Amino acid sequence: HLNKNGELIYSTCSILKEENEKILEQVLSDNSLKLIPITGLDTTEIPLLPSNYKEVITVCPNAEYEGFFVAKIHKQ
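Residues numbered from 1 in each chain as written. Predicted model: local features only at pLDDT ≥ 70, side-chain atom pairs only at ≥ 80, totals over all residues. Heavy atoms only, no water.

Caption draft 1: Geometry of the pairing of strand β4 (residues 68-75). As paired elements, strand β1 (residues 7-12) and β4 share six bridges and run antiparallel to each other. Bridging from a neighbouring strand, Ser-11 pairs with Val-70 of β4. Summarising the sheet, strand β2 (residues 33-36) and β4 pair through four bridges and their orientation is antiparallel. Across the sheet, Ile-36 pairs through a bridge with Lys-72, a residue of β4. As paired elements, strand β3 (residues 57-59) and β4 share three bridges and run antiparallel to each other. (Pairing = 2+ DSSP bridges. Helix = DSSP H or I, 4+ residues; strand = E, 2+ residues; numbered from the N terminus.)

Caption draft 2: The side chain of Thr-58, seen in detail. The residue Thr-58 is located in strand β3 in this model. Using a relative accessible area of 6% as the deciding quantity, one classes Thr-58 as buried. Those residues in contact with Thr-58, other than ones at most four positions away along the chain, are Ile-15, Pro-47, Leu-48, Leu-49, Ser-51, Phe-68 and Phe-69. (Buried < 20%, exposed > 50% of the residue type's maximum accessible area, 1.4 Å probe, protein only. Contact = heavy atoms within 4.5 Å.)

Caption draft 3: Spotlight on the environment of Pro-47. Mapped onto the secondary structure, Pro-47 falls in the loop between β2 and β3. Apart from residues no more than four positions distant in its own chain, Pro-47 is found in contact with Thr-58, Val-59, Cys-60, Asn-62 and Tyr-65.

Caption draft 4: Quick look at the packing of aromatic side chains. Scanning the model with the defined rule gives one aromatic pair in all. With 6.2 Å between their ring centres and 70 degrees between their planes, Tyr-10 and Phe-69 make a pair best called edge-to-face. Taken together, the residues span a long stretch of sequence, with Tyr-10 in strand β1 and Phe-69 in strand β4 at a distance of 59 residues. Classification of Phe-69 by relative accessible area gives buried; the value is 1%. (Phe/Tyr/Trp six-rings, centres within 6.5 Å; stacked < 30°, edge-to-face > 60°.)

Caption draft 5: The nonpolar core, seen in detail. Counting eight residues, the largest nonpolar core is built from Leu-24, Leu-33, Leu-35, Tyr-53, Val-56, Phe-69, Ala-71 and Ile-73. Looking at this core, the elements that each hand over two or more residues are β2 and β4. A per-element tally of this core places β4 first, with three residues. Among residues more than four places away in sequence, those in contact with Leu-33 are Leu-2, Val-27, Leu-28, Ile-73, His-74, Lys-75 and Gln-76. (Core = buried A, V, L, I, M, F, W, Y, C linked by side-chain atoms within 4.5 Å.)

Caption draft 6: Quick peek at the environment of Ile-36. Its location among the elements puts Ile-36 in strand β2. Residues Ile-36 and Leu-49, spaced 13 residues apart in sequence, show a C-alpha to C-alpha distance of 18 Å. Once residues within four sequence positions are removed from consideration, Ile-36 is found in contact with Glu-7, Glu-55, Lys-72 and His-74.

Such coordinate-based values are descriptive only and should not be taken to indicate function.
Written out as C-alpha cells, the structure reads:
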C-alpha cells in the first residue's frame, strides 16, 4: 500500500516478462497508480532489452551486467 503521492521502486533480478511486465499490468489496473520514467541515469552504454513500457529499464545480461528490471510506481 502506498500513501497518496507515494513512490515505489519495483526491481527484480530477472528479465522475464512474467516476473516484471505481467506484474506491472496487475499493479496498474489500480487507476490511482502510474509508472514514472526513471531519470538521472545515462543508459546509453548499458545493453537494454525492449519493453512494453517506455518508463522502465530492463538490462540485458552480458559479461558486465546481470539482467535486471526496474520500474518506478507513483500513487496519485
